[in-house]
Amino acid sequence: MTTSTNTINQLTRDDFINAALRKIGVLGEGQTANAAQLSDGAQALNLILKDFQVLSMQLWKREELSVPLVNNTSTYEIGVGKTINVPFPFKLTQANLAITGASARLNMEIKAHYDYNNLPINSFGTPVAVSYQPFINYGVLYVWPTPNSSVPAGSSIYITYQTPFFLFTSGAETADVPQEWEHAIVYQLAHVLSDEYQLPLEDRRWIEKQAEKRLANALQGGTEEASVFFFPNKDGG
């Protein structure tokens, strides 16, 4: 006997919809969804991806972005079509200042917007703190103090952030999630569609339990592995 060396098994948008419809008995063996079922299923599938986006800071959706500092500018819009033209950060996890010519980046404090608004206004110099506020389809990075000519040209702030999930736009596209999330998506889609197809309440509850179980399993793989250090309390408390 031999074992394959393949580790990739990505489902397409239509694969997800067909699998979900089979789970709830709408499709039988060998059947595939019609055009209306695919359209309705695609809409539900994209809504599920946006639901999953808020669950936690998934490692596989974290990216780093360099935001070039501009003299006398304390706000930077990020989003498609904005000054920094990339999909907008959903959540911020880290910010570091990279001063031109410096050997290392400097850690910056990420402040809640309430705290940022309480900082002294009209402050200029080398930035030490940021705040981030997401809006609809774009976000704004606030920098304090406002950089001025004392900050060397070419300096940047590097932010680590969670990007939005990419949505499905065609039937042959694969999901913007790791493969271990696919089962969770199939059952979540089946649960959503079970309402639309008016399955008996008992069947819907069973599908819901399966969806919760698969999602819990998927979430276990999204945390970061790091060392933990314990130190004795020298104060005697």
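Before reading on, note that the structure itself is shown above.
None of the values given here were measured: they were computed from a predicted structure. (Residues numbered from 1 in each chain as written. Predicted model: local features only at pLDDT ≥ 70, side-chain atom pairs only at ≥ 80, totals over all residues. Heavy atoms only, no water.)

## Observations regarding the nonpolar core
Rules: We define the nonpolar core as a collection of buried residues of types Ala, Val, Leu, Ile, Met, Phe, Trp, Tyr and Cys that are connected through side-chain atoms lying within 4.5 Å of one another. Burial status follows relative accessibility: with a 1.4 Å probe on protein chains alone, a residue under 20% of its type maximum counts as buried, one over 50% as exposed, and anything between as partly exposed. A run of H or I in DSSP counts as a helix once it spans at least four residues, and a run of E counts as a strand once it spans at least two, with each numbered from the N terminus. Residue contacts follow a heavy-atom distance rule, with two residues in contact if any of their heavy atoms lie within 4.5 Å.
The biggest cluster of nonpolar side chains holds 32 residues, and the ones touching the most others in it are Phe16 and Leu189. Mapped onto this core, the elements with two or more residues apiece are α1 (13-23), α2 (35-53), α4 (182-196) and α5 (201-219). Each residue touching leucine 189, except ones within four places of it in the same chain, is listed here: Phe16, Ile17, Ala20, Gly41, Ala44, Leu45 and Ile48. Counting residues in hydrophobic clusters, the runner-up holds 20 residues, among them Phe88, Leu97, Ile99 and Leu141.

## Structural notes on the packing of α1 against α4
Axis angle and axis distance: for two packed helices, these are the angle between their axes and the distance between the axes, and together they describe the pair. Put simply, the rule reads: Axes here mean lines fitted to C-alpha atoms, for a helix over just the part in contact, with angles spanning 0 to 180 degrees between N-to-C directions. Note on angle classes: values under 35 degrees are labelled roughly parallel, values over 145 roughly antiparallel, values of 65 to 115 roughly perpendicular, and the remainder oblique. What makes a crossing left-handed is the near helix being turned counterclockwise from the far one by less than a right angle; a clockwise turn instead makes it right-handed. Residue classes follow a fixed rule: Ala, Val, Leu, Ile, Met, Phe, Trp, Tyr, Cys and Pro count as nonpolar, while Asp, Glu, Lys and Arg count as charged, and any other residue, Gly among them, counts as polar.
For the pair α1 and α4, the least separation of the axes is 8 Å and the interaxial angle reads 55°. The orientation of α1 with respect to α4, classified from their angle, is oblique. As for how α1 packs across α4, the hand of that crossing is right-handed. For the pair α1 and α4, contact is made by Phe16, Ile17, Ala19, Ala20, Leu21 and Lys23 and by Glu182, Ile185, Val186, Tyr187, Leu189, Ala190 and Leu193, respectively. Classifying every residue of the contact of α1 with α4 gives 11 nonpolar, no polar and two charged.

## Overview of the packing of aromatic side chains
For clarity, the threshold we go by: Centre distance within 6.5 Å is the pairing criterion for rings of Phe, Tyr and Trp, where only the six-membered ring of Trp is used; planes under 30 degrees apart are then read as stacked, over 60 as edge-to-face, and the remainder as tilted.
For the structure on display, the rule yields six aromatic pairs. Between tryptophan 60 and phenylalanine 165 the ring centres are 5.4 Å apart and the planes differ by 40°, which places this aromatic pair in the tilted class. Of the two residues, tryptophan 60 sits in the loop between α2 and β1 (62-68) while phenylalanine 165 sits in the loop between β8 (156-162) and α4, which places them 105 residues apart along the sequence. For phenylalanine 165, a relative accessible area of 2% puts it in the buried group. Judged by centre distance (5.2 Å) and plane angle (20°), the rings of phenylalanine 135 and tyrosine 138 are stacked.

## Considerations on the sheet that holds strand β2 (residues 75-78)
The strands that make up a sheet are held in pairs by hydrogen bonds between backbone atoms, and each pair lies either parallel or antiparallel. Stated formally: Any two strands between which DSSP finds at least two bridges are classified as paired.
Strands sit in the order β2-β7-β6-β5 across an open sheet of four strands; the sheet is mixed. Each edge of the open sheet carries a strand with a single partner, namely β2 and β5 (109-110). Two elements, β2 and strand β7 (residues 139-144), share four bridges in a ladder whose sense is antiparallel. The residue bridging threonine 75 from the neighbouring strand is tyrosine 142, located in β7.

## Some words on the side chain of serine 131
Defined as follows: Any pair of nitrogen or oxygen atoms within 3.5 Å is treated as a polar contact; in protein, a donor-acceptor pairing is required on top of that, and neighbouring residues in sequence qualify only through side-chain atoms on both sides.
Mapping serine 131 onto the fold places it in strand β6 (residues 129-134). Among the polar contacts listed, one links the side chain of serine 131 to the side chain of histidine 113, at a separation of 3.2 Å. The residues contacting serine 131, other than those within four sequence positions of it, are Lys111, Ala112, His113, Tyr116, Val140, Leu141 and Tyr142.

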